[in-house]
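The chain contents come next:
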Amino acid sequence: MLLAIETSCDDTCAAVLDGPRILSNVISSQAKAHEGFGGVVPEVAARHHLELATPVVEAALAEAGMTLDDVEAVAATAGPGLIGALLVGISTAKGIAAARRLPLIPVDHLQGHVAANFLEPEPLEPPFLCLIASGGHTLLAGVRDHEGFELLGQTLDDAAGEAFDKSARLLGLGYPGGPAIQREAEGGDPEAFEMPVAMSRNPGLDFSFSGLKTAVLYRCRELGPEGVEERKADVAASFQAAVVGQLTAKLKRALKVGEWDAVALGGGVAANGPLREAVGKLCEEMGVQLKLVPISLCTDNAAMIGSAARYAKPIPYPDYLGYDAFASGESATPAVAH
Ligand code: KG4
Ligand code: ZN
């Protein structure tokens, strides 16, 4: 049995897995704690993880009907993410593992989003193209095996989820912005406001979302506070359509270049209804398989970390006692190798 812990951002997560089978997947969201700030406050996140880590691990074990005696290895997200938040998760994992002389498996968070697709039921086998869009990342991953992925394109500025969160704040819609904008957009006209078509002439597979956020800012200024109240749904719908348009346009380009037979979506933005619909249509058009994991496996969770851990290298006790989390710029995989 594998115990996995994920604390890279504002969700405290623990899961118990038996191979590719999820026995429990507990997520304690801190969204309420960050709501008033319109985004995640790193220090607040780390403090909450500290309070929640033990009860969340206990809940995951209880839900799986297991005790620590059943755990054979402990996995945790090593990065990238908020360093204070990551340190709480990795230290908790080290503590549990060291007390029982178990191996520790550090996992790359992005590889976790990819590995959500390897879980039962109906695991997706590589090769496939994976679009990961979350609050911290937006990238296209070429997945050819279970161990890693090739970075085909990524955002040059804001992540897609970050653009949702910042635009929601401008519209007074609260945090997290993605679900709030999706709800608001339901009553709006996606063609009401023209939004910049970012990166359309860029031949590569990179993304850009900061121009969209700025466009929302300008529309809000032009409309004034009363106008924003009146046209909120239209601005939200126009913004959302532009994000979905860019993500699907790049996915289409990648499909043409790479001759992939299957597409998967990951990251919090993959919970977006109109995006799921648009990608569904695209895959049908292009004759490729679409794999959509449940929304609870798109947003941050520990089951995906446990799934990636199955293909990562365990560090035996006590070699991991000095192992550190990383905020960005490296991957958990090479760090394990030396
Ligand atoms: O993967 P995730 O849970 O955490 C990160 O690793 O960032 O993604 C969170 C992001 C937030 O920016 C949130 O606004 C966005 O995913 N999100 C959505 C939706 N649900 C969550 N964006 C658009 N539509 C949604 N329904
Ligand atoms: Zn994530």
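Please refer to the structure higher up on the page.
Residues numbered from 1 in each chain as written. Chains lettered and ligands numbered in written order. Predicted model: local features only at pLDDT ≥ 70, side-chain atom pairs only at ≥ 80, totals over all residues. Heavy atoms only, no water.

Draft legend 1. Local environment of the sheet that holds strand S6 (residues 128-133). With mixed pairing, 5 strands are arranged side by side in an open sheet as S8-S7-S6-S9-S10. Unpaired on one side and paired on the other, strand S8 (150-154) and strand S10 (289-291) mark the two borders of the sheet. When strand polarity is set aside, the average angle formed by the axes of neighbouring strands in this sheet is 20°. In this fold helix H7 (residues 210-258) packs onto S6, strand S7 (138-143) and strand S9 (262-266), with an angle of close to 160° to the strand it touches most, S6. (Pairing = 2+ DSSP bridges. Helix = DSSP H or I, 4+ residues; strand = E, 2+ residues; numbered from the N terminus. Axes fitted to C-alpha atoms, helices over the stretch in contact; angles between N-to-C directions. Contact = heavy atoms within 4.5 Å.)

Draft legend 2. Focus on the side chain of Asp 10. Counting through the fold element by element, Asp 10 comes out in the loop between strand S1 (2-6) and strand S2 (11-18). Assessed through its relative accessible area of 7%, Asp 10 is described here as buried. Side-chain polar atoms of Asp 10 contact the side chain of Tyr 175, separated by 3.3 Å. (Buried < 20%, exposed > 50% of the residue type's maximum accessible area, 1.4 Å probe, protein only. Polar contact = N/O pair within 3.5 Å; in protein donor to acceptor, adjacent residues only side chain to side chain.)

Draft legend 3. Fine view of the coordination of the zinc ion (ligand 2). Those donors, His 109 (NE2), His 113 (NE2) and Asp 300 (OD), are the protein atoms that reach the zinc ion (ligand 2), and they lie 2.1 to 2.2 Å from it. Relative to the metal, the 4 donor atoms surrounding the zinc ion (ligand 2) lie at angles of 94 to 154°, and the coordination shape comes out irregular. Summarised as a motif, the one-chain spacing of the donors to the zinc ion (ligand 2) is H-x3-H-x186-D. With His 109 in helix H4 (residues 109-115) and Asp 300 in the loop between helix H9 (295-298) and helix H10 (303-309), the pair connects residues that are 191 residues apart, well separated along the chain. Asp 300 shares its class with His 109; the two are buried. (Donors = N, O, S within 2.8 Å, 3.2 Å for Na, K, Ca; no water. Tetrahedral: all angles 85-135°; square planar, octahedral: opposite > 155°, others 65-115°.)

Draft legend 4. Inspection of the site of ligand 1 at higher detail. The environment of ligand 1 is formed by 20 residues, the closest being Gly 135, Asp 165, Gly 178, Gln 182 and Asp 300. One nitrogen or oxygen atom from the side chain of Asp 165 is found 2.7 Å from an oxygen atom belonging to ligand 1. Note that a nitrogen atom of ligand 1 is positioned 2.9 Å from one of the side-chain N or O atoms of Gln 182. The fraction of the free accessible surface of ligand 1 (550 Å²) that becomes covered by protein chains is 90%. Elements with a minimum of two residues in the shell around ligand 1: H4, helix H5 (160-170) and helix H6 (177-185). Considering every element that reaches the shell around ligand 1, the biggest residue donor is H6, with 4 residues. Considered class by class, the residues forming the shell around ligand 1 number 5 nonpolar, 13 polar and 2 charged. Both of domain 1 (2-114 + 297-322) and domain 2 (125-292) provide at least three residues apiece to the shell around ligand 1. (Near = heavy atom within 4 Å. Areas by Shrake-Rupley, 256 points an atom, 1.4 Å probe, with all protein chains shown as cover. Nonpolar A, V, L, I, M, F, W, Y, C, P; charged D, E, K, R; others polar. Domains from an automatic or database assignment.)

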